[in-house]
Every structure is written in C-alpha cells, then in structure tokens.
Number of protein chains: 2
Amino acid sequence: MEGLNHHHHPYVPKDLDLPGFVPGFLSQSTILAVYGLSSLLLVSLVWFLSGRFPNLQKIDRLLMCWWLFTGLTHIILEGYFVFSPEFYKEKTAHYLAEVWKEYSKGDSRYVARESGVVVAEGMAAVLEGPASLLAVYAIATKKSYSYILQVAISLGQLYGTAVYFITSYLEGDNFAASAYYYYAYYITANASWVIIPTLIVVRCWRKTCAAFSTQEQRKAKTR
Amino acid sequence: MEGLNHHHHPYVPKDLDLPGFVPGFLSQSTILAVYGLSSLLLVSLVWFLSGRFPNLQKIDRLLMCWWLFTGLTHIILEGYFVFSPEFYKEKTAHYLAEVWKEYSKGDSRYVARESGVVVAEGMAAVLEGPASLLAVYAIATKKSYSYILQVAISLGQLYGTAVYFITSYLEGDNFAASAYYYYAYYITANASWVIIPTLIVVRCWRKTCAAFSTQEQRKAKTR
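Everything numeric in this text was worked out from a predicted model, so none of it was measured.

Chemist: Tell me about the packing of aromatic side chains, and name the residues and values.
Modeler: The tally for this structure, following the rule as stated, stands at 47 aromatic pairs over all chains. Taking 5.5 Å as the distance between ring centres and 50 degrees as the angle between the ring planes, the aromatic pair formed by tyrosine 164 of chain A and tyrosine 186 of chain A counts as tilted. Remark: tyrosine 186 of chain A occurs in helix α8 (residues 179-222) and tyrosine 164 of chain A occurs in helix α7 (residues 146-170); sequence separation between them is 22 residues. According to the relative accessible area criterion, tyrosine 164 of chain A is buried, its value standing at 4%. Summarising the aromatic geometry, the rings of phenylalanine 87 of chain B and tyrosine 88 of chain B are spaced 6.0 Å apart at their centres and angled 85 degrees between planes, so their arrangement reads as edge-to-face. Among the residues examined, tyrosine 88 of chain B registers a relative accessible area of 10% and is labelled buried.

Chemist: Please set out the side chain of glutamate 78 of chain B residue by residue, giving values where relevant.
Modeler: Residues and elements named next belong to chain B. Locating glutamate 78 in the fold gives a position in helix α3 (residues 58-83). Look at glutamate 78: it is buried, it has no salt bridge, and the nearest opposite charge is arginine 109 at 12 Å. When residues no more than four places from it in sequence are discounted, the contact partners of glutamate 78 are Thr73, Trp100, Glu121, Ala124 and Ala125.

Chemist: Talk me through the relation of the copies chain B and chain A; I want residue IDs and the actual numbers.
Modeler: Placing chain B over chain A gives an RMSD of 0.0 Å and needs a rotation angle of 180 degrees, together with 0.0 Å of translation along the axis. Accordingly, the operation relating the two chain copies is best matched by a two-fold axis. Mapped onto chain A, 100% of the interface residues of chain B are again interface residues, and the two copies thus contact each other with one and the same surface.

Chemist: Give a description of the pattern of salt bridges that names residues and reports values.
Modeler: Two side chains with opposite charge may pair up if their charged atoms get near one another. Counted under the stated rule, the structure contains ten salt bridges over all chains. Note that aspartate 107 of chain A and arginine 109 of chain A form a salt bridge whose closest N and O atoms lie 3.0 Å from each other. Just as aspartate 107 of chain A is buried, arginine 109 of chain A falls in that class too. For the salt bridge of lysine 105 of chain B with glutamate 102 of chain B, the shortest nitrogen-to-oxygen distance reads 2.9 Å. Among the residues examined, glutamate 102 of chain B registers a relative accessible area of 9% and is labelled buried.

Chemist: Explain the interface of chain B and chain A residue by residue, including any values.
Modeler: Counting residues at the interface gives 38 residues for chain B, matched by 38 residues for chain A. Both faces combined, the contact of chain B with chain A buries some 3300 Å², and carbon together with sulfur accounts for 77% of it. When the buried area of chain B at its contact with chain A is split by residue, Ile148, Tyr159 and Phe212 of chain B rank highest and sum to 22% of it. The interface formed by chain B and chain A holds two residue pairs in polar contact (both at pLDDT 80 or more) in total. The dominant element in the side of chain B that touches chain A, judged by the number of residues it contributes, is helix α7 (residues 146-170) of chain B, at 14 residues.

Chemist: Can you break down helix α6 (residues 115-140) of chain B residue by residue, with the values?
Modeler: Residue and element names in this part refer to chain B. Helix length check: α6, at 26 residues, gives a terminal C-alpha distance of 36 Å against a target of 38 Å (1.5 Å per residue), a fit within 8%. The largest bend in α6 amounts to roughly 40 degrees and is located at glutamate 128, with the proline proline 130 lying one to four residues further along. Burial runs high along α6: 20 of the 26 residues are buried. At the exit of α6 stands lysine 142, carrying a positive phi of roughly 50 degrees.

Chemist: Mind laying out unusual backbone geometry, listing which residues take part and the relevant values?
Modeler: A negative phi angle characterises most non-glycine residues, just as the trans form characterises most peptide bonds. A cis amide bond links valine 12 of chain A with the next residue in sequence, proline 13 of chain A, at an omega value of 5 degrees. Tracing the sequence through the fold places proline 13 of chain A in the loop between α1 (2-5) and α2 (28-50). Its identity is not glycine, yet lysine 142 of chain A carries a phi of approximately 50 degrees, on the positive side. Along the chain, lysine 142 of chain A falls in the loop between α6 (115-140) and α7. The backbone of arginine 113 of chain B sits at a positive phi, close to 55 degrees, despite the residue not being glycine. Its location among the elements puts arginine 113 of chain B in the loop between α5 (109-112) and α6. Relative accessible area serves as the criterion here: at 24%, arginine 113 of chain B is assigned to the partly exposed category.

Chemist: Tell me about the environment of isoleucine 31 of chain A, and name the residues and values.
Modeler: All names here are of chain A. Along the polypeptide, isoleucine 31 turns up in helix α2. Each C-alpha atom of the pair isoleucine 31 and leucine 96 lies 9.2 Å from the other, and the pair is 65 residues apart in sequence. Those residues within four positions of isoleucine 31 in sequence are excluded, and the remaining contacts are Leu26, Tyr95, Glu98, Val99 and Glu102.

Chemist: Summarise the side chain of aspartate 60 of chain A; cite the residues concerned and give the values.
Modeler: Residue and element names in this part refer to chain A. Along the polypeptide, aspartate 60 turns up in helix α3 (residues 58-83). With no salt bridge to any partner, buried aspartate 60 finds its closest opposite charge in arginine 203, at an N-O distance of 4.0 Å. If we ignore the near neighbours within four places in the chain, the residues touching aspartate 60 are Ile139, Lys142 and Arg203.

Chemist: A description of the nonpolar core should follow, citing residues and the corresponding values.
Modeler: In terms of nonpolar packing, the biggest core is built from 52 residues, with Met64, Trp67 and Leu149 of chain A together with Met64, Trp67 and Leu149 of chain B touching the most fellow members. Looking at this core, the elements that each hand over two or more residues are α3, α6, α7 and α8 of chain A together with α3, α6, α7 and α8 (179-222) of chain B. The residues touching leucine 149 of chain A, leaving out its near neighbours within four places in the chain, are Ala131, Leu134, Ala135 and Ala138 of chain A together with Trp205 of chain B.

Chemist: So what about the confidence of the model for chain A? Which residues, and what values?
Modeler: Averaged over every residue, the pLDDT of chain A is 95; the share at 70 or more is 96%. Quick note on the complex model: pTM equals 0.95, ipTM equals 0.94.

Chemist: Can you lay out the packing of α3 of chain A against helix α4 (residues 95-103) of chain A for me, pointing to particular residues and giving the numbers?
Modeler: Residue and element names in this part refer to chain A. Their axes nearest at 10 Å, the elements α3 and α4 cross at an angle of 75 degrees. Accordingly, the angle class assigned to the pair α3 and α4 is roughly perpendicular. Facing Ile76, Leu77, Glu78, Tyr80 and Phe81 of α3, the residues of α4 in contact are Leu96, Ala97, Val99 and Trp100.

Chemist: Describe the environment of alanine 125 of chain B, listing the residues and the values that go with them.
Modeler: All names here are of chain B. Note on placement: alanine 125 falls in helix α6. Separated by 52 residues in the primary sequence, alanine 125 and threonine 73 have C-alpha atoms spaced 8.3 Å apart. Look past the residues within four positions of alanine 125 in its chain and what remains in contact with it is His74, Ile75, Glu78, Gly79, Val82 and Pro130.

Basis of the calculations
- Residues numbered from 1 in each chain as written.
- Chains lettered and ligands numbered in written order.
- Predicted model: local features only at pLDDT ≥ 70, side-chain atom pairs only at ≥ 80, totals over all residues.
- Heavy atoms only, no water.
- Phe/Tyr/Trp six-rings, centres within 6.5 Å; stacked < 30°, edge-to-face > 60°.
- Helix = DSSP H or I, 4+ residues; strand = E, 2+ residues; numbered from the N terminus.
- Buried < 20%, exposed > 50% of the residue type's maximum accessible area, 1.4 Å probe, protein only.
- Lys, Arg positive; Asp, Glu negative; His and termini not counted.
- Salt bridge = Lys/Arg side-chain N within 4 Å of Asp/Glu carboxyl O.
- Contact = heavy atoms within 4.5 Å.
- Least-squares fit on C-alpha atoms with pLDDT ≥ 70 in both.
- Buried area = accessible area lost by both parts, 1.4 Å probe.
- Polar contact = N/O pair within 3.5 Å; in protein donor to acceptor, adjacent residues only side chain to side chain.
- Expected span 1.5 Å × (residues − 1).
- Bend = angle between axes of the 7 residues up to and from the residue.
- Core = buried A, V, L, I, M, F, W, Y, C linked by side-chain atoms within 4.5 Å.
- pLDDT = per-residue confidence, 0-100.
- Axes fitted to C-alpha atoms, helices over the stretch in contact; angles between N-to-C directions.
- Parallel < 35°, antiparallel > 145°, perpendicular 65-115°, else oblique.

Now the structure itself:
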C-alpha cells in the first residue's frame with residue numbers, strides 16, 4: 001500500500017517513480033501567456049529594429065525574428081531543462097521549472113530524463129541555440145555564410161526532432177497524460193520545429209545551388 | 001541457479017537478458033577481412049573509373065571513394081541492423097549478423113536494441129546512405145547541389161555520432177565487454193565518422209561562402 005503513495009504525480013506511465021516531486025503552481029494559461037507575450041515582445045523588437053537595416057527584404061526580417069525566437073527558446077527553456085535534472089522537485093513557482101512540469105504531461109520522458117530526449121535538447125541548447133543567434137547577426141549583415149549556417153541549424157533541428165519522435169515511437173509512444181496533452185503539447189508544440197526548418201532548408205538549398213551556378217557561369221566566361 | 005544459465009553471452013552488462021542468443025561463428029579477423037577487402041575493391045573501382053571523368057580533381061575522386069564506402073556501409077551494414085531486431089538469434093554464419101554479434105562486444109546496446117542507437121542507425125541507413133550514393137553522382141557530374149548535399153549528409157553523420165556517444169555517456173558508458181573492445185570497436189571504428197565528416201563540412205562550408213562572395217561581387221558589378 002505504501003508503494004502507491006509514491007506516485008502522486010500527473011504523468012503517464014503512472015508507475016514512474018519521481019521521489020521528491022512537487023506539483024506545478026502556475027496554470028497552463030499563465031505559462032503560455034508568459035512564453036507567448038515575451039516571445040511576441042522580442043520578435044516585434046527584432047522586426048522594428050531590422051527595418052532600420054539597409055537592403056533587408058521582408059523575408060530576411062521574418063527569418064531574423066524566427067532565429068531570435070528559436071535561439072532563445074533553445075538556450076533559455078531547453079538549456080534550463082538540460083542542466084536542471086531535478087526541476088520536478090522545485091518547491092517554488094520558478095517559471096522554467098513550471099514549463100517543464102507542465103510540458104511533461106505531454107511527454108513524461110522529460111521528468112523521467114530519458115537519454116534520447118536529453119541528447120536532443122542538449123544539442124539544441126548548446127549548439128543550435130547560440131548558432132541561431134549568430135544567424136540573426138549573419139542575416140542582418142549579409143554574411144556569405146548566412147545560408148549555409150541556416151541550413152546547418154535547420155538540419156540539426158530536424159535531426160533532433162526525428163530523434164525525439166522516433167525514440168518515443170520505439171519505446172511504445174505512451175508518455176502523455178491524455179490525448180489532449182498528446183496533441184496539444186507533444187504534437188502541436190513541436191510541429192513548428194518540423195515545418196519551419198524544412199521551409200528554411202528548401203529556401204537556402206535553392207539559394208546555394210544558384211550561387212554555385214553563378215560561380216560556374218563566371219568561371220566559364222573567364223576561360 | 002537456472003537464472004544464471006540464461007546469460008551465456010559475451011556482452012556487458014552480464015545480466016542483459018538475450019533469450020535465443022546464438023554465438024557468432026566467424027573470427028574477428030575473418031569479419032574484418034571481408035569488410036576491409038570488399039571496401040578496398042569498391043573504393044579502387046571508384047578511383048579508377050572516376051579517373052576517366054573529365055576535370056575531376058584528385059580530392060573529388062577521393063571524396064567519391066569516401067561517399068561510396070560510407071553510403072554502402074550505411075545501407076548494407078547499418079540497414080541490416082535496423083531492420084533485423086533478432087540478428088543475435090541468427091543460427092547460421094550470416095555475415096551481417098556476424099558483424100553485429102561481434103561489434104556488440106564493443107557496445108551491447110546493439111543486441112539490447114537501445115532506442116537511441118536504433119534511431120541513429122536508422123537515420124544513417126534510410127537517409128544518409130542513399131544520400132551518400134547521390135553525392136558520388138553529384139561530384140562526378142559537378143552538380144550545383146554537390147557541396148550543400150555533402151554538408152547536409154556530414155552534419156547528419158556528426159549529429160548521429162553525437163547521439164550515439166552522448167546517450168552511452170548518460171547511461172553510464174558501461175556497454176563494452178572489455179577495454180580492448182571499448183577502444184577497438186566503440187572508439188576506433190566510429191572515429192572515421194567524426195573526423196572525415198568534420199573535414200568535409202569545413203571544406204564545403206568554405207566553398208559555399210566563396211560561391212556567395214562571387215555572387216555578391218557579380219551583383220555589385222552589374223549595379
């Protein structure tokens with residue numbers, strides 16, 4: 001009987017052992033509002049500031065917004081998860097701990113600290129996050145490495161998302177507290193990191209091929 | 001006492017349960033000789049055939065050899081592992097089963113079918129393998145997507161190797177039957193897939209930046 005009392009947490013599988021677990025304090029709407037509004041504020045800032053740079057197209061400015069948003073998400077949110085293995089024991093309403101206590105309802109591998117999830121999040125936090133901020137700078141200043149950098153980060157994000165989804169599938173795909181959390185958190189929250197990196201890879205791939213074609217033509221002329 | 005008899009396999013951890021395990025039939029030297037000689041044969045073939053293509057530099061021909069070797073390794077060796085979860089029960093001296101029975105002495109997560117390993121190998125077999133063969137063709141015919149394709153595959157290989165090593169580290173790094181197998185198989189056999197993709201990324205990254213610089217200069221001239 002005593003054993004059953006250990007498992008008063010909202011996650012699935014129910015028999016997941018989380019000694020010292022402290023339930024979240026903030027509501028889902030509060031957590032989402034803080035993330036949504038702070039992201040909106042920063043993205044708006046990038047949008048207006050980038051308007052003052054010469055010769056930046058709208059698409060470049062939109063991409064700068066994306067790279068700032070995804071970069072800070074990787075570094076702050078995912079970075080906190082990677083380096084805070086005991087976040088679920090947090091006794092205060094620490095915002096970042098609340099994010100992961102809540103998100104784990106869609107994927108309990110976060111509280112269970114499954115190694116595939118930790119690796120994918122670690123790569124995002126340590127490599128893709130800082131590289132995303134570099135991409136904001138590279139686009140603004142039209143660096144020659146701008147496109148290849150964006151392809152590299154986007155492929156990393158796609159590979160990470162593949163690791164994330166496929167390890168879950170191989171392990172039985174039963175880590176969500178309910179169908180609602182499965183679709184709202186596990187599927188919907190991750191969809192942006194499949195769709196947007198794919199679009200960016202396609203765009204930058206084309207631009208890169210065009211640049212090599214131009215170079216070839218130029219070589220042919222000078223022959 | 002009966003329980004102990006279940007674990008007559010050469011892998012670590014010793015208590016890994018492998019019902020139906022059949023020991024390998026071929027010696028280490030036989031397995032390595034087949035892999036080494038068939039690789040040497042194919043690589044030599046690519047080297048000589050590529051010499052008949054016009055305007056291919058030695059570095060291009062070397063890269064074609066690498067992409068054929070790594071592509072076929074991904075598709076045949078790793079592809080077999082991914083789609084043969086019961087390879088360790090193989091009752092004959094099936095060469096591909098022998099490879100993984102032997103390699104598992106360096107990393108028992110292969111026989112244990114750890115999901116991080118299966119994902120990294122699956123990505124290699126299904127995506128990077130065929131893409132590597134495409135790279136052989138792209139280099140031979142000087143396609144404009146040649147460099148970006150090589151960057152994409154190499155980054156995938158590096159990400160996969162990172163997942164492979166980091167998941168092992170997070171899970172205690174105790175999957176080798178001995179220090180010999182740890183260094184000979186786990187470290188040495190994987191080292192090429194760290195070193196060579198890194199060199200390729202650096203080279204193609206520089207070429208891509210140069211192509212964009214040329215394009216910029218050309219635009220500046222025509223203004």
